[in-house]
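Listed here are the chains, written in short residue letters.
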Amino acid sequence: MKLRKALVATFALTVWGCSDNPAPQHTTIQQPPPAANELSVDYETYTLDNGLTVVLHVDKSDPIVAMATVVHVGSNREKPGRTGFAHFFEHMSFNDSENVPKGANRKMIPELGGTRNGGTWSDGTIYYEVVPKDAFDKLLWIDSDRLGYMINTVDQGTLEREKQVVKNEKRQRVDNRPYGHMGHVVRKALYPEGHPYNWTVIGDLADLQAATLNDVRKFYNQFYMPSNATLVIAGDIDIEQTKQKVARWFGEIKSGEPSPPLEPQPVSLEADKKLYHLDNFAKLPLLRLTYPAVEQYSKDAYALDALARLLSDGKNAVLYKTLVEQLKLAPSPNAWSSADEVAGSFTINVQANADVHLDTVQAGIEQALDDFAENGFTDAQLQKIKAEQETAFYYSIESILDKALQLGIYNEYAGSPGFIEQDIANIAAVTRDDVMRVFNQYIYKKPAVIASFVPKDQPGLVLTGSSKAPVVEEEIVPGQEPEFEEKPVEYTKTPTQHDRSEPPLTELPTLSTPDIWHNTLANGMDVIGITTTELPVVNFSLTIEGGQWLDPEGKTGTALLMAQMLNEGTASKTPQELEQAIGQLGAQLSVSAGRDTVSLSGRVLAKHYAALMELAAEMLLQPRWDEDEFNRLKSTRLTRIKQSEGNAARIASNVFSHLLYGEKHVAGVPMGGTQASVEAITLQDVKAYYDKVISPRQATLHFVGALQPEAVTAATAALNSWQGNKVSLPPQPAVSGVAEPKVYFVDVPDAKQSVIYVGKPVLPASDPDFYAIDFANERLGGGMSARLGQTLRIQKGYTYGAYSYLPEARYQVPFIAASQVRTNVTLESLEIFKDLIGHYQKTYGQGDLDVAKNMVIKANARRFETLNSLLGMLENISRFELADDYIAQQQDFVQSASLEDIHKVINTHLNEQNMIYLVVGDAATQLERIEELGYGKPVQLDIHGNILN
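Everything numeric in this text was worked out from a predicted model, so none of it was measured. (Residues numbered from 1 in each chain as written. Predicted model: local features only at pLDDT ≥ 70, side-chain atom pairs only at ≥ 80, totals over all residues. Heavy atoms only, no water.)

Asker: Where do I start with the overall build of the protein chain in this structure?
Answerer: The secondary structure content of the protein chain amounts to 33 helices and 26 strands. Overall, the C-alpha framework of the protein chain stretches about 75 × 65 × 60 Å when taken along its three principal axes. For the protein chain, with 949 residues in total, the buried portion stands at 62%. For the protein chain, the accessible area works out to roughly 35600 Å², and carbon and sulfur atoms hold 48% of it. (Helix = DSSP H or I, 4+ residues; strand = E, 2+ residues; numbered from the N terminus. Buried < 20%, exposed > 50% of the residue type's maximum accessible area, 1.4 Å probe, protein only. Areas by Shrake-Rupley, 256 points an atom, 1.4 Å probe, with all protein chains shown as cover.)

What follows is the structure, given as structure tokens:
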């Protein structure tokens, strides 16, 4: 998985890859910037004799422990011809080590009730895990063995398998998606050859294929050493005991020589570099301008981050006002600043509406920047950013793992875990003059890399004067990937003073569910909540039954447009004024729609909850109903529908649902509607939906945070005037599995991967037997340690990830098994799905049941860690009419389930002979082969699920 740091605000790591597994005059509230002494995280730090820096943080709010190991090596330490190696080595590190059984890292931690992952970005690599506290010793054993004792166990078979996995990740994240090659194009143009950022984190395919065992060993010996890393342990720990354990497990690892620090290597451009790419998957033109900027933690990096937000965040931003409102060229332009270890960049990114020439977009951007140069921004806009950053800080340290990540990154890249206080001070110190100075110094009328990505069949939309970008498209042919066989490796085990055999578990923490309180307001609205005071923040959602379920016939998408309209101002506030009022509170507040609900969701510091509820009530009860805003939202929705037609995974999801449910079922039509249904919707339709559905008698307010029930009830007084009647959800048509398996195929020409879906309808999530199906699925596809992931990725190297799951809904949900596999192994992958699902009951033994029980019961220790997880629990209670202690009831079921019970569930609900198969991929090379699956000639469909003649 690849990571990149982001000033979000400056405090967090943002995951942008998948796991190793795969927004006139009114009173505003003025508040000071966050004070550093109020926003600190307590920790203790020390260094072992071998150079490993250790950071310890005690948090006993939950019986769990998080560990993060930050290794100071990213793609910026690589050399031309060996790019992508830091990321590739991260994958290799999850395999074998001298004292931990092969594959245990990926299998054992989930089976202990934990979660694990790793990530690589331009400047570093991180490994992190969270486990129930009884597995803390095992985590120390696994992580220390990876850092100090893994290189002797690497074999050629593992090397070749992980090559295939990483190549599949590249296909999934780069080659087989719209605009996937953009990062490569920009880096090659912005940074000169030999510069540490001249290549992407995932690297070039030829370099990856050329990697040898000697390369792996050399990389490990050069960079993977204690003196080049920071270990953070956070959670329910005892400091002195933890120090003793760290000394035992990590203290004997050889120190090695730390990597010398990299000095800043800024770049410059003499003139614009204009490049274009005809994108096989894009359905809309995109223009990206990237400017050279500065390295992380420099003064200008903070000002550039503020500038990016001022240019693009919200309806008062100049890019939005110019490109969206005035010129109507794009739905949502954005800008961001990327400050990395040795250099940085500043990006303006505009995905235009269909058929818009990128010359027009470029002119619009220049117009917006001219406007900003002349008129700048208001004090209120800058204050809004700083208020949002204060709230964002608290959420960036919400979980124990969040805290561990922050402390590790600050120590390794800023020199101390305590840099958090200086970081906050630097953000607060940004002034108007700073912003305008960096705007003029780095952006305004300065040269940039300007990349045009347009649909393959629309070269006429390319920015004038652009040259063809150096993009290498992989050609996938049958038999091109080498077979690999993993054999036992002979090596001499590294001698150690301490016994490095597997340590035992300690005492299992007991399940302790949070206290839930209930209330009903005079207007009929239910309130359900949990009070937790660890952080001074609150999360809430007000859900109203309805959603797409109650859309008028032929006008699917009405609920979504109605929800979006409620975000566009109120009767007394323009959209810009409403957004500013929310931002001044440092809050988030928005309305959205799903298949069966409309939701108003928010988060804010607890001290501002009452003020935010005033705004929530105004949004909900005093809609603006502006015709121009409706037309803009409708146009944007049609653009999003067009955009999704180039995404193979989205096509597969929509078509699979259409096949299972048909057009008369709420789940059979894409969420948000189709082009035809959205085009038919009028503003009057939206108003009629609002009048019919938005009622307190089918609404529930869910609250989690640092307020007592009485304060929450008092703050909802703004909604007391809300009145309405109960509206019932009409029953959905019953659906059933097919009588015999059937295969469907959607052609995406030249696809590098095939998206595979297999499944059938089962039960609604409210059905008493639903959880039994969900539990029975655990060992089939419930994670990387289950059959699908172990076979398709670990054993075969066909995919980046493979899973099976049951989404939750009021109607019959589907059982889904899915993966994205290399094109030339589509048939082989289908055969594996067929075999594993078809023989699941026969192969499911007592060992599977024991492992599944252990995973689920222990994972409950992590169940209540974040406000969002608690909020999700409350939403499940109201949505599916579950008992307050439903999680405890589920645990009771798990503890008492017998092998016979699970076999019965599998036979009843997961019968492969009642399932359909869907493949979205390259028909020219794969369609004919699929007949060999034995389920007849595949039925060919278009991207909407219609049968082709």
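Asker: What is the right way to look at the layout of surface pockets in this model?
Answerer: Take a probe with the size of a water molecule and roll it over the atoms, and the empty space left behind shows itself. Counted as a void, the second largest pocket has a volume near 1300 Å³. Lining the second largest pocket are 41 residues, and of these Tyr 771, Asp 774, Glu 778, Arg 863 and Gln 890 lie nearest its centre. Listed by contribution, the elements that provide at least two residues to the lining of the second largest pocket are β6 (115–120), α24 (770–776), α25 (778–781), β23 (799–805), α29 (846–859) and α31 (886–896). In terms of residue count, α24 provides more of the lining of the second largest pocket than any other element does, five residues in total. Here the residues of the lining of the second largest pocket sort into 18 nonpolar, 14 polar and nine charged. (1 Å grid on protein atoms, 1.4 Å probe; cavity = no way out; pocket = protein on both sides within 12 Å on 5 of 7 lines; lining within 4 Å. Points joined across faces, edges and corners; volume = space filled by probe spheres on them. Nonpolar A, V, L, I, M, F, W, Y, C, P; charged D, E, K, R; others polar.)

Asker: Sorry, what's going on with the sheet that holds strand β4 (residues 53–58) here?
Answerer: Across a sheet, paired strands are connected by hydrogen bonds in the backbone, their directions being either parallel or antiparallel. An order of β3-β4-β8-β5-β7-β6 is seen for the six strands of this open sheet, with the pairing classed as mixed. Pairing within the sheet leaves two strands with one partner each, and these edge strands are β3 (44–47) and β6. Neighbouring strand axes in the sheet, compared pairwise and without regard to direction, differ in orientation by 15° on average. Pairing of strand β5 (residues 64–71) with strand β8 (residues 229–235) involves seven bridges; the strand directions are antiparallel. Counted as the bridge partner of Ala 68 is Val 232 from β8. (Pairing = 2+ DSSP bridges. Axes fitted to C-alpha atoms, helices over the stretch in contact; angles between N-to-C directions.)

Asker: Sorry, what's going on with the side chain of Arg 161 here?
Answerer: If you trace the backbone, Arg 161 turns up in helix α4 (residues 156–175). A polar atom in the side chain of Arg 161 sits 3.0 Å from the side chain of Glu 162. (Polar contact = N/O pair within 3.5 Å; in protein donor to acceptor, adjacent residues only side chain to side chain.)

Asker: Would you explain the pairing of strand β11 (residues 334–339) in this entry?
Answerer: Taken together, the six bridges between β11 and strand β12 (residues 344–351) define a ladder with antiparallel strand orientation. Paired with Ala 335 across the bridge in β12 is Ile 348. In sequence, β11 turns back onto β12 through a hairpin of four residues.

Asker: How should I be thinking about the sheet that holds strand β14 (residues 467–468) in this particular structure?
Answerer: The mixed open sheet is built from six strands, whose spatial order is β11-β12-β10-β13-β9-β14. Of all strands in the sheet, those with a lone pairing partner are β11 and β14, marking the two edges.

Asker: Whenever I open this one, the side chain of Lys 170 confuses me. Can you help?
Answerer: Its location among the elements puts Lys 170 in helix α4. Among residues more than four places away in sequence, those in contact with Lys 170 are Asp 175, Ile 202, Gly 203 and Leu 205. (Contact = heavy atoms within 4.5 Å.)

Asker: Mind showing me how you'd approach the confidence of the model for the protein chain here?
Answerer: Low pLDDT means the predicted atomic positions in that stretch should not be read closely. Looking at the protein chain as a whole, the pLDDT averages 91, with 95% of positions reaching at least 70. In this model residues 1–19 is a low-confidence stretch, pLDDT under 50, and it forms 78 contacts with partners more than four residues away in sequence or in other chains. Ignoring residues within four places in sequence, the model shows residues 23–37, a span with pLDDT below 50, making 26 contacts including any to other chains. (pLDDT = per-residue confidence, 0-100.)

Asker: When you look at a negative patch on the surface in this model, what are you seeing that I'm missing?
Answerer: Taken together, the side chains of Glu 831, Glu 928, Glu 931 and Glu 932 make up a negatively charged region of the molecular surface. Residue class for Glu 932 comes out exposed when judged on its relative accessible area of 57%. (Patch = residues over 30% accessible without salt bridge, like charges linked within 9 Å, V, L, I, M, F, W, Y side chains within 5 Å. Salt bridge = Lys/Arg side-chain N within 4 Å of Asp/Glu carboxyl O. Lys, Arg positive; Asp, Glu negative; His and termini not counted. Charge placed at Lys NZ, Arg CZ, Asp CG, Glu CD.)

Asker: What is the right way to look at the packing of helix α1 (residues 85–92) against α4 in this model?
Answerer: Where α1 meets α4, the axes come as close as 10 Å, and the angle between the chain directions of the two elements is 120°. Comparing the axis directions of α1 and α4 gives the class oblique. For the crossing formed where α1 meets α4, the hand is right-handed. Judged by residue contacts, His 87, Phe 88, His 91 and Met 92 of α1 engage Thr 158, Leu 159, Glu 162, Lys 163, Val 165, Val 166 and Glu 169 from α4. Across the contact of α1 with α4, the residue classes break down as five nonpolar, three polar and three charged. (Parallel < 35°, antiparallel > 145°, perpendicular 65-115°, else oblique. Left-handed = near helix turned anticlockwise from the far one by under 90°.)

Asker: Help me understand the nonpolar core in this model?
Answerer: For soluble globular proteins, nonpolar side chains are generally found buried alongside one another. Within the largest apolar cluster, 94 residues are counted, with the highest numbers of intra-cluster contacts made by Leu 307, Phe 346, Ile 348, Ile 365, Leu 369, Phe 372 and Met 873. When residues in this core are grouped by element, the largest group, nine residues, is from helix α9 (residues 299–312). Not counting residues up to four positions away in its chain, the partners in contact with Phe 346 are Leu 289, Thr 290, Tyr 291, Ala 293, Leu 304, Leu 307, Ala 308, Leu 311, Ala 335, Trp 336, Ser 337 and Ile 443. Within the second largest apolar cluster, 78 residues are counted, among which are Val 762, Leu 806, Ile 902 and Leu 918. (Core = buried A, V, L, I, M, F, W, Y, C linked by side-chain atoms within 4.5 Å.)

Asker: Is there a simple way to think about the packing of aromatic side chains in this case?
Answerer: Aromatic ring pairs: the centre-centre distance and the angle between the two ring planes describe each pair. In total, this model carries 27 aromatic pairs according to the counting rule given. A centroid spacing of 5.2 Å and a plane angle of 20° characterise the contact between Phe 439 and Tyr 444, whose relative ring orientation is stacked. According to the relative accessible area criterion, Phe 439 is buried, its value standing at 0%. Aromatic ring contacts, followed pair by pair, group Phe 85, Phe 88, Phe 89, Phe 94, Tyr 127, Phe 219, Tyr 220, Phe 223 and Tyr 224 into a single cluster. The lysine or arginine in question, Arg 248, covers the ring of Trp 249, its NZ or CZ lying 4.1 Å from the ring centre. When the ring centre of Tyr 935 is taken as reference, the NZ or CZ atom of Lys 834 above it lies at 4.5 Å. (Phe/Tyr/Trp six-rings, centres within 6.5 Å; stacked < 30°, edge-to-face > 60°. Lys NZ or Arg CZ within 6 Å of the ring centre and 35° of its normal.)

Asker: It is not clear to me how helix α17 (residues 575–584) should be interpreted in this structure. Could you clarify?
Answerer: A large share of α17 lies buried, amounting to ten of its ten residues. Along α17, the residues classified as buried are Pro 575, Gln 576, Glu 577, Leu 578, Glu 579, Gln 580, Ala 581, Ile 582, Gly 583 and Gln 584. Buried residues in α17 make contact with α10 (318–326), α12 (379–396), β18 (588–593), α18 (609–621) and α19 (627–644). A positive phi of about 65° marks Gly 586, the residue just after α17.

Asker: Even after reading the chapter, I still don't get empty space enclosed by the protein, so can you show me in this structure?
Answerer: Considering only enclosed or pocket space, the second largest cavity measures out at about 90 Å³ in volume. Along the walls of the second largest cavity sit Arg 309, Leu 310, Asp 313, Asn 316, Gln 381, Lys 384, Ile 385, Glu 388, Glu 579 and Gln 580, which together make up its complete lining. Of all elements in the fold, only α9, α12 and α17 reach the threshold of two or more residues within the lining of the second largest cavity. Residue contributions to the lining of the second largest cavity peak at four residues, all from α12. Considering only residue class, the lining of the second largest cavity consists of two nonpolar, three polar and five charged.

Asker: Would you explain the environment of Ala 335 in this entry?
Answerer: Within the secondary structure, Ala 335 is located in strand β11. In this structure the C-alpha to C-alpha distance between Ala 335 and Asp 143, which are 192 residues apart in sequence, comes to 38 Å. The contacts of Ala 335, once residues within four sequence positions are left out, are Ala 308, Ser 312, Leu 319, Phe 346, Thr 347 and Ile 348.

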